[in-house]
Amino acid sequence: MAEKVGADAKAAFFLLLILAGIASILDVGIIGWIVGPICILLGWFAILRAPLRATMLTLMFFALILENPAEIPAAGQWQSPFYTLGAVMLTHLKKVIGGPWFFGCMDLMLLAAGVKWYLGSRRRVGIATPKPMIRLAQYCYATIVFTFLIGKIHGGADNSMAIWQIDRVMYLPAVFLLCQAAFTGPNDYIAVGKVAFTAAILRSLQAMYVRAVVPEVFDPVYQESSLPYTTTHHDSILFATGTVIIVAMLVSRVGRKRWLWPTLLGGPILMGGMIANDRRLVWIDIAFSLIAIYFITEQNAFKRKLQKVVMLMVPVVAGYIAVGWGSTGGIFKPVQIIRSAVDSSSDGSTAWRDLENFNLIYTIKGRPIVGVGYGHGFWEAWPLPEVNYELERFIPHNSILGLWCYGGYIGYTGITLLWVGGMYFAIRAYYKSKVPLEKAAGLVAMSVVIVYYSQCFGDLGLGAWTCVFLVSPALAIACKLAVKNGGWTTPAVARAQAPAATAAGPSA
């Protein structure tokens, strides 16, 4: 049974919410200076008094629903009443109040959670975490240090840019370590799934609202009037995760009580949110996840029927794409989304990304083993058009090639092995689970990593708070379910099983 939150922690938390909400809505500087320190102290008190599980679920929820000004929500055309709260929580305080404050309130709250973990680590009980995943998280930090030193050795490193590059990769292993310490109960995956799905629904509703009330603006780059997106680019991974949760429950046959209302009510809302946000990458994220789920799940009557339908539809879909390839809209708009993602001649954004990828690959070929190191940008063998993004050469849109570029084979491997480990345990959890809802959780955990990789490859997903607080819990849940269902044996479990095996004697 999960440890309950004490009355003192609840009181501090609700007082914090009231003060922060009032300060954010009023948005008056002097009020912020007075209320800010009080809220930080209340937050620390609540975290130190509450169970770590409650803390990480709460931080996850706010990381997923609050607006991050650094991501330019709604293309800068609309702000919610809690925009300032999101700025204080998710960006560096110096961006909000000035001064030398190179951290945000999320950093302070994660630090408090770390202190709570350290103070309560000896009393922790529940499902253990496989040691290899802990080592891989630690290896991530060793890799960060190594890549930073490589940048120094190569000379001419820009320390300020190195800090920004490190910022993109240092949070995921830290939040994973906190999540694996927090989610030790057999049913914690249900709470994590509820938080992610609820956040996806709320952001979808916000996306539809913004699309309905905000007038379109003239885009001088593409010479057309449009509101290019309504929340943020990184909500694509949130919307895709919400969709995968529904699909995983249906595929795993969790029972009508579990899937009925999320599917009937949540499905249309998620679809509306994705259409309103108008990010083509979300459809690619979902497609990759569904393909993976198809190949991972066992063969059954439903899949056999689906295979027949797919075989019949292949020529129809191929003809539809061929006829609509040169169309400009109407019923062929889905074809244009596909074409814009693969044909740079049809889309300026895709053409620009192709140039960026060319430069990244050129740099990788120059230093493939150790990379150029942090503090250095990629080499512009092919000059890029001017863009209003000063971090472009240091934090490119294609984060996957960026990892190869700055860390080389060693750095890329050191950072991504944690993702690979999570995929392994997620798949083990799926195959070893007997409970349909746990099988669904394994599929979702696997899919979140796939969606994250897709987002990183397509659009700066590496260090976004939305991505960090979806992937880290997914990795932790994958580990716990694999251990719970016998997909991985920890030393403690092995010791517990040894006497039973000895008592049973040799088999005949």
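Attention in this report is confined to the structure presented alongside it. Being a predicted model, the structure only gives us computed values, none of them experimental.

Section: the packing of aromatic side chains
Under the defined criterion, the tally for this structure stands at 17 aromatic pairs. Where Trp404 meets Tyr409, the ring centres are 6.2 Å apart and the plane angle is 45 degrees; that geometry is what we call tilted. With relative accessibility at 48%, the residue Tyr409 sits in the partly exposed group. For the pair Trp465 and Phe469, a centre-to-centre distance of 5.9 Å together with 40 degrees between the ring planes defines the contact as tilted. Of this pair, Trp465 and Phe469 both sit in helix α18 (residues 465–484), separated by 4 residues, roughly a single helical turn. Of the residues examined, Phe469 reaches a relative accessible area of 0% and is grouped as buried. Pairwise contacts between aromatic rings join Phe13, Phe14, Phe61 and Phe62 into one cluster. Positioned above the aromatic ring of Phe394 is the side chain of Arg393, whose terminal nitrogen or guanidinium carbon lies 5.4 Å from the ring centre.

Regarding the nonpolar core
Counting residues in each nonpolar core, the largest one holds 114 residues, and the members touching the most others are Met56, Leu110, Leu418, Trp419 and Phe469. With 14 residues, the top contributor of residues to this core is α18. With 8 residues, the next largest nonpolar core counts Ala12, Ala20, Ala23 and Val35 among its residues.

A look at a nonpolar patch on the surface
A surface patch of nonpolar side chains, about 680 Å² in accessible area, is lined by Ile30, Trp33, Ile34, Ile38, Val96, Ile97 and Trp101. Elements represented by at least two residues in the nonpolar patch include exactly α2 (29–49) and α5 (94–97). A total of 4 residues in the nonpolar patch trace back to one element, the largest contributor, which is α2. Looking at the element boundaries, Trp101 is found in the loop between α5 and α6 (105–120).

Points about the packing of helix α9 (residues 188–213) against α18
Relative to each other, α9 and α18 sit at 160 degrees, their axes nearing to 10 Å. Between α9 and α18, the interaxial angle falls into the category roughly antiparallel. Read as a crossing pair, α9 and α18 show a hand that is left-handed. Side by side, α9 and α18 meet where Asp188, Tyr189, Val192 and Ala196 of the first sit next to Leu470, Pro473, Ile477 and Leu481 of the second. Taken together, the residues of the contact of α9 with α18 break down into 7 nonpolar, no polar and 1 charged.

Details of helix α16 (residues 399–432)
Over its 34 residues, α16 extends only 33 Å from the first C-alpha to the last, a length that falls short of the 50 Å expected when each residue adds 1.5 Å. Approximately 125 degrees is the largest bend angle found in α16, and it occurs at Gly408. You can read the cap of α16 off the contacts: a side-chain oxygen lies 3.3 Å from the backbone nitrogen of Ile400, and it is on Asn398.

Focus on the side chain of Ser236
Among the secondary structure elements, Ser236 is positioned in helix α10 (residues 235–252). Looking at Ser236, its side chain comes within polar contact range of the main-chain oxygen of His233, at 3.1 Å. Residue contacts for Ser236: discarding those within four places in its chain leaves Arg279, Val282, Asp285 and Gln455.

Quick look at the environment of Tyr83
Tracing the backbone through its elements, the reader meets Tyr83 in helix α4 (residues 83–90). Taking the C-alpha atoms as reference points, Tyr83 and Ser24, 59 residues apart in sequence, are found 7.3 Å from one another. Contact partners of Tyr83, with chain neighbours within four places excluded, come to Ser24, Glu67, Pro69 and Pro73.

What counts as what
- Residues numbered from 1 in each chain as written.
- Predicted model: local features only at pLDDT ≥ 70, side-chain atom pairs only at ≥ 80, totals over all residues.
- Heavy atoms only, no water.
- Phe/Tyr/Trp six-rings, centres within 6.5 Å; stacked < 30°, edge-to-face > 60°.
- Buried < 20%, exposed > 50% of the residue type's maximum accessible area, 1.4 Å probe, protein only.
- Helix = DSSP H or I, 4+ residues; strand = E, 2+ residues; numbered from the N terminus.
- Lys NZ or Arg CZ within 6 Å of the ring centre and 35° of its normal.
- Core = buried A, V, L, I, M, F, W, Y, C linked by side-chain atoms within 4.5 Å.
- Patch = residues over 30% accessible without salt bridge, like charges linked within 9 Å, V, L, I, M, F, W, Y side chains within 5 Å.
- Areas by Shrake-Rupley, 256 points an atom, 1.4 Å probe, with all protein chains shown as cover.
- Salt bridge = Lys/Arg side-chain N within 4 Å of Asp/Glu carboxyl O.
- Axes fitted to C-alpha atoms, helices over the stretch in contact; angles between N-to-C directions.
- Parallel < 35°, antiparallel > 145°, perpendicular 65-115°, else oblique.
- Left-handed = near helix turned anticlockwise from the far one by under 90°.
- Contact = heavy atoms within 4.5 Å.
- Nonpolar A, V, L, I, M, F, W, Y, C, P; charged D, E, K, R; others polar.
- Expected span 1.5 Å × (residues − 1).
- Bend = angle between axes of the 7 residues up to and from the residue.
- Polar contact = N/O pair within 3.5 Å; in protein donor to acceptor, adjacent residues only side chain to side chain.

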